[in-house]
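This is what each chain is made of:
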Amino acid sequence: MTLRFVGIDLNTGGEGSPTVWVEEESADLVLQGEEADEFLKTQVGSTQWVAGHKTGIPARERVIRIPARMVPILREMCDAAERAAAEHRDVR
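Heads up: these notes are all about the structure in this document.

Analysis parameters
- Residues numbered from 1 in each chain as written.
- Predicted model: local features only at pLDDT ≥ 70, side-chain atom pairs only at ≥ 80, totals over all residues.
- Heavy atoms only, no water.
- Helix = DSSP H or I, 4+ residues; strand = E, 2+ residues; numbered from the N terminus.
- Buried < 20%, exposed > 50% of the residue type's maximum accessible area, 1.4 Å probe, protein only.
- Lys, Arg positive; Asp, Glu negative; His and termini not counted.
- Charge placed at Lys NZ, Arg CZ, Asp CG, Glu CD.
- Salt bridge = Lys/Arg side-chain N within 4 Å of Asp/Glu carboxyl O.

### Side note on the overall build of the protein
Check the secondary structure of the protein and you find two helices and five strands. For the protein, the α and β elements follow one another from N to C terminus as β-β-β-β-α-β-α. Considering only C-alpha atoms, the protein reaches an extent of 40 × 40 × 20 Å along its principal axes. Taken across its 92 residues, the protein has 25% of its residues classed as buried. In the protein, 11 positive and 16 negative side-chain charges are present, and the distance between their average locations comes to 5 Å.

### Points about the pattern of salt bridges
Counted according to the given criterion, the structure contains five salt bridges. Between E24 and R4 there is a salt bridge, with the nearest N and O atoms lying 2.5 Å from each other. Of the two residues, E24 sits in the loop between β2 (19–23) and β3 (29–32) while R4 sits in strand β1 (residues 3–8), which places them 20 residues apart along the sequence. The class of R4 is partly exposed, set by a relative accessible area of 22%. Of the charged contacts in the structure, one is a salt bridge between D9 and R69, with a shortest N-O distance of 2.7 Å. Here R69 lies in the loop between β5 (64–65) and α2 (71–91) and D9 lies in the loop between β1 and β2, a separation of 60 residues in the sequence. What makes R69 partly exposed here is its relative accessible area of 47%.

Next comes the structure, spelled out in structure tokens:
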């Protein structure tokens, strides 16, 4: 697995900064961020966001926060993921 570093939130100091990557082979988005507080997790987990879809947060998943100031980095991450997906498709 090869991760392509896209960006980091420079406003959070030298430890535990929200960070984004693209996994090259799958073009998956990989995000590191602050785990949501209990109120937000309860709101996310108890709301049926799509009709017919179960509520709750599976044990293997986490709700995280990414600061709005990172939107330009997230856009860059999406562009990088699209490029990686296109490159991967071309190889197959």
